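# Fold and contact review
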Amino acid sequence: LIMDLMDKLTHIFGQGLSNSFYPVPQQAIGVGSTFEGWSPHAQDVVYRVLVPLSPPPGHAFHLELDTAGILQRTFRVHVELLCTCTRERLGEEMLCFLHCPEEELRRKQEPSLLQTLCTSSYLDVEKTVHWFCRFVRVAWLLLPQSRHWHLMLQPCSRSCKFQLRNDKESFTAEMIFAVQQEDSDIFVCSQPTEAGIPSTTWLETYAVAEAKFFRNISRQAPQESCHCKCLKLLTGFLMGVGFSSYALKTVVMHLLNTVPLTQWRRRDFGQRLMDILKYLRCSLETKELHHFVIGNESFPMEISLPSGFRVAEAPNLFEHLASSPDAHRKAMQEYNHLLHQ
């Protein structure tokens, strides 16, 4: 239902914006625990979809590294105007933003992306989200789903979140906007991780590469593979203090990459649970858990990464435990609580 809705919205975007110069949404990609098959809380499920944005005609996107954090880098998306004089000479109905007189551009052509959704030549997350949410509100009325479902947009400055509801059930979906790095499965996205982040800041995300990894595993593993069941069970007990569900997911991904998939059958459930807990305890004791995508030379080659990603230094997800004895003590207490559960 969610992905069908995304496809129809993307189609309407393409039709409605054919003569304008707004970012062009591409096919949405389902990411996160819900689409990977291990979401622990059925009642709190949010269907997160990444919507890649391409530059409109006459524009180009250039990613500029803003800050290189320990676990996540941030970027700015620089928007550049391109010369389209050749297209004019070929009879295409587009004036060149660089070389046509401003008065003629104002009279005959929609404004450039720099004039609508940018701040100081950088694509602005909040302006982009606000504009897309307004478009979704209008586009919804054109969709067949609107006859059977009620759409309620939920205000958010860095993503387009909405609830679909009818008499029997409801779904919550979140559209996160993204720009692709090189020609890879790594993107920079609008979703925030902390308050007060500048509106021109886009965060590097590995969600698409990880979702592809889980899809590859599901295709190759035995039909009754227990890897998602292990994750679902363990994350259901997490209290979210010393370590996160992402840390558990990272542990499981490392094990899926090393333990043969034939040893993840239903009958192996107990042993694999113990493997996960042992790996997690060892990581907590050494205060070291390496990122699964960055710096992992054994990451599947069929999943495309930017140049240098596989040989980069792997970030330590437990770096904060090494610098804070209190945080480390809490994490160990939470681990013991998880083990007891």
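Keep in mind the model is a prediction, meaning the values are calculated, not measured.

### A word on the environment of V138
Considering the arrangement of structural elements, one finds V138 in helix α6 (residues 125-139). By relative accessible area, which is 55% here, V138 ends up exposed.

### Regarding the domain arrangement of the chain
In terms of domains, the chain is made up of domain 1 (1-206) and domain 2 (221-339). Facing the 17 residues of domain 1 at the interface are 21 residues of domain 2. With both chains or domains summed, domain 1 and domain 2 bury close to 1500 Å², and 66% of this area falls on carbon and sulfur atoms. Where domain 1 packs against domain 2, one counts one salt bridge. For the pair domain 1 and domain 2, the number of links is four residue pairs in polar contact (both at pLDDT 80 or more).

### Focus: the packing of aromatic side chains
Enumeration according to the criterion identifies 16 aromatic pairs in this entry. When the ring of W131 is compared with that of F132, the centres are 4.7 Å apart and the planes differ by 80°; the resulting orientation is edge-to-face. Three or more aromatic residues joined by ring pairs form one cluster here, namely F13, Y22, W131, F132, F135 and F177. The cationic tip of R76 hangs over the ring face of Y122; the distance from NZ or CZ to the ring centre is 4.0 Å. Geometry around F269 places K229 over its ring, the cationic atom sitting 4.9 Å from the centre.

### Notes on the environment of N166
Looking at where N166 falls in the secondary structure, it is placed in the loop between β9 (160-165) and β10 (170-180). In sequence terms N166 and H150 are 16 residues apart; their C-alpha atoms lie 6.2 Å from each other. Among the polar contacts listed, one links the side chain of N166 to the backbone nitrogen of K168, at a separation of 2.9 Å. Separated by 2.8 Å, the side chain of N166 and the backbone nitrogen of E169 make a polar contact.

### A short note on the pairing of β9
For strand β8 (residues 150-154) and β9, the ladder comprises five bridges, and the chain directions are antiparallel. In the strand pairing of β9, M152 is matched with Q163. Bridge count for β9 against β10 is six bridges, and the pairing is antiparallel. Its bridge partner being in β10, C160 is matched across the sheet by M175. Hairpin connection between β9 and β10: a loop of four residues separates the two successive antiparallel strands.

Rules used throughout
Residues numbered from 1 in each chain as written. Predicted model: local features only at pLDDT ≥ 70, side-chain atom pairs only at ≥ 80, totals over all residues. Heavy atoms only, no water. Helix = DSSP H or I, 4+ residues; strand = E, 2+ residues; numbered from the N terminus. Buried < 20%, exposed > 50% of the residue type's maximum accessible area, 1.4 Å probe, protein only. Domains from an automatic or database assignment. Contact = heavy atoms within 4.5 Å. Buried area = accessible area lost by both parts, 1.4 Å probe. Salt bridge = Lys/Arg side-chain N within 4 Å of Asp/Glu carboxyl O. Polar contact = N/O pair within 3.5 Å; in protein donor to acceptor, adjacent residues only side chain to side chain. Phe/Tyr/Trp six-rings, centres within 6.5 Å; stacked < 30°, edge-to-face > 60°. Lys NZ or Arg CZ within 6 Å of the ring centre and 35° of its normal. Pairing = 2+ DSSP bridges.

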